[in-house]
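# Fold and geometry: a report
Now for the letters of each chain:
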Amino acid sequence: IDIERAMSIFSNGFKKAERETTISGHLAQNVGTCRLIQKDQEKSPESKRKCALSAIMSFKVALKEYPKDQSEHIRSVQKKIDNTRKEIENNFQ
């Protein structure tokens, strides 16, 4: 997987997508997921931490973008945020 290319595609798609739609939520979530994949590829704890924090920022954008009726997507993204925060606390402090 070319993670940089994937992030670029999702980011560019997000810029063009209509705001506050399931599509824009998915695109932001995908950027966050790419950041988590990138984190796993990094060697240093500081680089891993930066990728994890960047993923959380993208996931927070996704939470704002998903329409309120997309409760499953919202719960899933919130769980990713919570799990990533725990990982940072346990491994990258």
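For clarity, every value in this text was computed on a predicted model and none was experimentally measured. (Residues numbered from 1 in each chain as written. Predicted model: local features only at pLDDT ≥ 70, side-chain atom pairs only at ≥ 80, totals over all residues. Heavy atoms only, no water.)

### What about helix α3 (residues 45-65)?
How we decide: By the criteria applied, helices consist of DSSP H or I runs no shorter than four residues and strands consist of E runs no shorter than two, each listed in order from the N terminus. Expected helix span is given by 1.5 Å per residue-to-residue step, counting one fewer step than there are residues. Each residue is placed in one exposure class: buried if its accessible area under a 1.4 Å probe, protein chains only, is under 20% of its type's maximum, exposed if it is over 50%, and partly exposed if it falls in between. Contacts were defined at the residue level, with two residues in contact if any of their heavy atoms lie within 4.5 Å.
The terminal C-alpha atoms of α3, which comprises 21 residues, lie 30 Å apart, in line with the 30 Å expected from a rise of 1.5 Å per residue. Listing the buried residues of α3 in full gives K48, C51, A52, S54, A55, I56, S58, F59, A62, L63 and E65. Those residues of α3 that are buried are in contact with α1 (3-16), α2 (22-41) and α4 (71-91).

### Some points on the side chain of E65
Mapped onto the elements, E65 comes out in helix α3. The residues contacting E65, other than those within four sequence positions of it, are F14, R19, E20, T21, S24 and G25.

### A short note on the packing of α2 against α3
Put simply, the test is: To obtain an axis, a line is fitted to C-alpha atoms, over the contacting stretch when the element is a helix, and the angle between two such axes runs from 0 to 180 degrees between their N-to-C directions. Oblique is the label for any angle not under 35 degrees, not over 145, and not in the 65 to 115 range, which are roughly parallel, roughly antiparallel and roughly perpendicular in turn. Residue polarity follows a fixed list, in which Ala, Val, Leu, Ile, Met, Phe, Trp, Tyr, Cys and Pro are nonpolar, Asp, Glu, Lys and Arg are charged, and the others, Gly among them, are polar.
Packing of α2 against α3 leaves a shortest axis separation of 8 Å and a crossing angle of 170°. By the angle between their directions, the pair α2 and α3 is classed as roughly antiparallel. Packed against α2, whose contacting residues are S24, G25, A28, Q29, V31, G32, T33, R35, L36, Q38, K39 and D40, the element α3 presents K48, C51, A52, S54, A55, S58, F59, V61, A62 and E65 at the interface. When grouped by side-chain class, the residues that make up the contact of α2 with α3 number 9 nonpolar, 8 polar and 5 charged.

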